[in-house]
Amino acid sequence: MSCLLAIESSCDETAVAIICREEGRPRLLTSLISSQIEIHREYGGVVPEVACRNHALRIRPLVQQALDDASLSLEEIDAFAATRGPGLASSLLVGFSYAKGLSAATGKPFYGINHMEGHLLSPFLEPGKVASHLGLIVSGGHTLLIDVQGFGNYKLMGHTIDDAAGEAFDKVGRMLNLPYPGGPEIEKHAREGNPRAFHFPRPRLKNAPLDFSFSGLKTAVLYQLQKLENPHSQLADLCASFQAAVIDSLVKKTILAALEADRQMITLSGGVACNKALQLALGAAAKEAGMTLSLTPPALTTDNAGMIAFAGLLSSENRDADSLTIGIDPNLSLTA
Ligand code: KG4
Ligand code: ZN
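Calculation notes
Residues numbered from 1 in each chain as written. Chains lettered and ligands numbered in written order. Predicted model: local features only at pLDDT ≥ 70, side-chain atom pairs only at ≥ 80, totals over all residues. Heavy atoms only, no water. Disulfide = S-S within 2.5 Å. Helix = DSSP H or I, 4+ residues; strand = E, 2+ residues; numbered from the N terminus. Donors = N, O, S within 2.8 Å, 3.2 Å for Na, K, Ca; no water. Buried < 20%, exposed > 50% of the residue type's maximum accessible area, 1.4 Å probe, protein only. Near = heavy atom within 4 Å. Polar contact = N/O pair within 3.5 Å; in protein donor to acceptor, adjacent residues only side chain to side chain. Areas by Shrake-Rupley, 256 points an atom, 1.4 Å probe, with all protein chains shown as cover. 1 Å grid on protein atoms, 1.4 Å probe; cavity = no way out; pocket = protein on both sides within 12 Å on 5 of 7 lines; lining within 4 Å. Sits in = over half its atoms within 2 Å of the grid points.

Engineer: Before we move on, can you summarise the state of the cysteines with the specific residues and values?
Structural biologist: Within the structure shown, the criterion is met by 1 disulfide. Between the sulfur atoms of Cys3 and its disulfide mate Cys20 the distance is 2.1 Å. Measuring the twist about the S-S bond at about 110 degrees, one finds the Cys3-Cys20 disulfide to be right-handed. Of this pair, Cys3 sits in strand 1 (residues 2–8) while Cys20 sits in strand 2 (residues 13–22), and the two are 17 residues apart along the sequence. Among the cysteines around Cys52, which has no disulfide bond, Cys11 carries the closest sulfur, lying 12 Å off.

What follows is the structure, given as structure tokens:
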């Protein structure tokens, strides 16, 4: 059995996980998340200075709790991993430095992991092996279509040219005076609303049919709000119509990308992948196109260290360890 401890601290969740390969299969022994959402809600978004201070306070006891949960001592960990980027520099630094410190103290290898690779591979933790597929990653900072040949072999098919899908949910949530983060709140209200009540734009980008744009949609919601006498009375319809526009764009371009890449399997990952309406719409469109949709398990969908642990385990089995002189990279790309 070989075990790896991973730390995720790219934004406002401090997270620690331990994964072991047992009889050839990856097994997640523990995956702990210490969320700061309640703290940042007061400010309507993540405050980097506050996030970094809370990571620093929480990281040591959380690592100890993960070891206790897994009934392992630090000496029984064979490798360490941490999110290297993309993310907030001051947040990344806490988890990354802590994991490098553990690696230096124990003499065990260290792996810096791309946060987006963590999301991308999260649907494969349970099956244990990464299949070739077309991945849609929708998070607070990124909207990516990636053609995946196998572990480590990624080709960018499309991305957002302005706001990320999660960012659009959060910004529209703020316009509607909903608590942070806006995504789950909008989904909740959308359930009671009519998705055809308002027609919001589904931008088509000339010469870049697989790229996304959500900033025009955000502005369209703002103009609509200014026209309404009592927007609050139409909150559910506004949420449902906005959500339908986001989902339409995501689904159409994902199917187009899968056809172009000639992939039969689609995966959905990142925080916005929690959205049930998106899961249903993408599942139906995939079925109609003769493809399958593989979802991320709920516990691995929003930021967590389990996904970093899985990507770390595969890294430890497929590439050299990183030097401890390696630094964080807040703009780290998956497909450079
Ligand atoms: O992957 P994630 O936890 O963090 C980043 O790497 O950014 O994604 C967070 C994003 C936020 O924008 C949040 O509003 C969105 O995921 N989100 C949702 C839902 N749950 C979380 N968006 C739409 N519907 C949801 N149910
Ligand atoms: Zn994320």
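So much for the structure itself; the text now carries on.
Engineer: If you had to explain the coordination of the zinc ion (ligand 2) to someone new, which residues and values would you point to?
Structural biologist: Listed as protein donors to the zinc ion (ligand 2) are His115 (NE2), His119 (NE2) and Asp303 (OD); their distances from the metal cover 2.0 to 2.1 Å. Binding-site remark: the zinc ion (ligand 2) is held by donors from one chain whose sequence spacing is H-x3-H-x183-D. Highlighted residues: His115 and His119, both in helix 4 (residues 115–121), separated by 4 residues, approximately one helical turn. Like His115, the residue His119 is buried in the burial classification.

Engineer: Which residues make up the site of ligand 1, and what values do they have?
Structural biologist: Neighbouring residues of ligand 1: 19 residues in total, closest Gly140, Asp170, Glu187, Gly271 and Asp303. The contact in question runs from an oxygen atom of ligand 1 to an N or O atom on the side chain of Asp170, over 2.7 Å. Separating an oxygen atom of ligand 1 from a backbone N or O atom of Gly183 is a distance of 3.1 Å. Starting from 550 Å² of accessible surface for ligand 1 in isolation, the protein chains cover 88%. Given that more than half its atoms are within 2 Å of the pocket grid, ligand 1 belongs to the largest pocket. Only helix 4, helix 5 (165–175) and helix 6 (182–190) provide two or more residues apiece to the shell around ligand 1.

Take it as geometry only, folks, not as evidence of what the structure does.
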